[in-house]
Amino acid sequence: MKKVAIDEVDTQPNPLDVHEIRRPVTQALGAEHVAMNYFELAPGESFSGGLHTHHDQEELFYVESGTAEFEVGRERETVTVDAGEVIRFAPGEFQVGSNPQDAEEDVVGWAIGAPGPRHDWDELESVVYCRECDAERGHETRINSDGRFEFTCTECGNEFQL
């Protein structure tokens, strides 16, 4: 058994600088079969760096306070998730969640992924703009040794980092 207070978990923001407060509860608890992150999102901040999917992990997002908006699927359908609501994304389902720029309050929320405390980077796919294709395309996604995201276009093979 292990117990932690959220305020005692160190903040580890996303390398793309899309939020200030993300507390990886998984690491603090030493969890081996589930990923769990606590977020506080100011207006304009997001849970992740962009539209993506985990082919090996389902994700749940619980909104504790505020109202989050999720873009879902490659068509980017907008789904609103209010305080006290939970949304689930199956493996392979594209999504990105955020606190809208014009929001009047912060979003406090939780991201929970399973199975496993970390996803396999080979199973993560992001939809980003490819300069070579001149269009949004699926990209293999990984983090390099400098902690920066690297992307490889699945259409043309173009590589770049953010």
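Scroll up a little and you will see the structure.
Quick summary incoming for the structure in this document. (Residues numbered from 1 in each chain as written. Predicted model: local features only at pLDDT ≥ 70, side-chain atom pairs only at ≥ 80, totals over all residues. Heavy atoms only, no water.)

**As for the overall build of the chain**
And then number 1: Across its full length, the chain holds 1 helix and 13 strands.
And then number 2: For the chain, the sequential pattern of α-helices and β-strands runs β-α-β-β-β-β-β-β-β-β-β-β-β-β.
And then number 3: A globule of 162 residues ought to have a C-alpha radius of gyration of about 15 Å, and the chain, at 16 Å, matches this closely.
And then number 4: Each principal axis of the C-alpha distribution contributes one length, and for the chain these read about 45 × 35 × 25 Å.
And then number 5: Taken over 162 residues, the chain has a buried fraction of 39%.
And then number 6: For the chain, the computed accessible surface area is about 9000 Å², with 44% contributed by carbon and sulfur atoms.
And then number 7: Taking the 12 positively charged and 35 negatively charged side chains of the chain as two groups, their mean positions are separated by 5 Å. (Helix = DSSP H or I, 4+ residues; strand = E, 2+ residues; numbered from the N terminus. Rg over C-alpha atoms; globule rule 2.2 N^0.38 Å. Buried < 20%, exposed > 50% of the residue type's maximum accessible area, 1.4 Å probe, protein only. Areas by Shrake-Rupley, 256 points an atom, 1.4 Å probe, with all protein chains shown as cover. Lys, Arg positive; Asp, Glu negative; His and termini not counted. Charge placed at Lys NZ, Arg CZ, Asp CG, Glu CD.)

**Comments concerning the nonpolar core**
And then number 1: Counting 13 residues, the largest nonpolar core has F47, F61, A68, F70, I87, F89 and V107 as the members making the most contacts within it.
And then number 2: The set of elements that each furnish at least two residues to this core consists of β2 (35-41), β4 (58-65), β5 (67-72), β7 (85-89) and β9 (107-114).
And then number 3: Here this core takes 3 residues from β5, the largest share from any one element.
And then number 4: Those residues in contact with F61 that lie beyond four places of it in its chain are F47, F70, E85, V86, I87, F89, Q95, W110 and A111. (Core = buried A, V, L, I, M, F, W, Y, C linked by side-chain atoms within 4.5 Å. Contact = heavy atoms within 4.5 Å.)

**Comments concerning the packing of aromatic side chains**
And then number 1: Summed over all chains, the structure comprises 9 aromatic pairs.
And then number 2: One aromatic cluster in this structure is built from F39, F47, F61, F70 and F89.
And then number 3: Stacked on the ring of F160, the Lys or Arg R131 has its end atom at 4.9 Å from the ring centre. (Phe/Tyr/Trp six-rings, centres within 6.5 Å; stacked < 30°, edge-to-face > 60°. Lys NZ or Arg CZ within 6 Å of the ring centre and 35° of its normal.)

**Let's talk about the sheet that holds β9**
And then number 1: The 5 strands are arranged β1-β2-β9-β4-β7 in an open sheet whose pairing can be described as antiparallel. Strands with a single pairing partner mark the edges of an open sheet, and in this sheet they are β1 (21-24) and β7. The average undirected angle you get between the axes of adjacent strands in this sheet is 20°.
And then number 2: Bridge analysis of β4 against β9 gives 7 bridges, and the strand direction is antiparallel. Its bridge partner lying in β9, V63 is registered against G109. (Pairing = 2+ DSSP bridges. Axes fitted to C-alpha atoms, helices over the stretch in contact; angles between N-to-C directions.)

**Some details on the pairing of strand β6 (residues 77-82)**
And then number 1: With 6 bridges connecting them, β5 and β6 associate as antiparallel partners. Its bridge partner being in β6, F70 is matched across the sheet by V79.
And then number 2: Two successive antiparallel strands, β5 and β6, enclose a turn made up of 4 residues, where G73 displays a positive phi of approximately 75°.

**Some points on the environment of S48**
And then number 1: With respect to the helices, strands and loops of the structure, S48 is situated in the loop between β2 and β3 (52-54).
And then number 2: The contact partners of S48, leaving out residues within four places of it in the chain, are N14, V18, V96 and G97.
And then number 3: Within the structure, the side chain of S48 is placed 3.4 Å from the backbone oxygen of G50, a separation counted as a polar contact. (Polar contact = N/O pair within 3.5 Å; in protein donor to acceptor, adjacent residues only side chain to side chain.)

**What to know about a negative patch on the surface**
And then number 1: Together, E69, D102, E104, E105 and D106 give the surface a local cluster of negative charge.
And then number 2: Assignment of secondary structure puts E69 in strand β5.
And then number 3: With relative accessibility at 32%, the residue E69 sits in the partly exposed group. (Patch = residues over 30% accessible without salt bridge, like charges linked within 9 Å, V, L, I, M, F, W, Y side chains within 5 Å. Salt bridge = Lys/Arg side-chain N within 4 Å of Asp/Glu carboxyl O.)

**Let's talk about the side chain of T53**
And then number 1: Take T53: it is sitting in strand β3.
And then number 2: A distance of 3.1 Å separates a polar atom in the side chain of T53 from the backbone nitrogen of G92.
And then number 3: What T53 contacts, discounting residues up to four positions off in sequence, is P91, G92, E93, F94, E123, L124 and E125.

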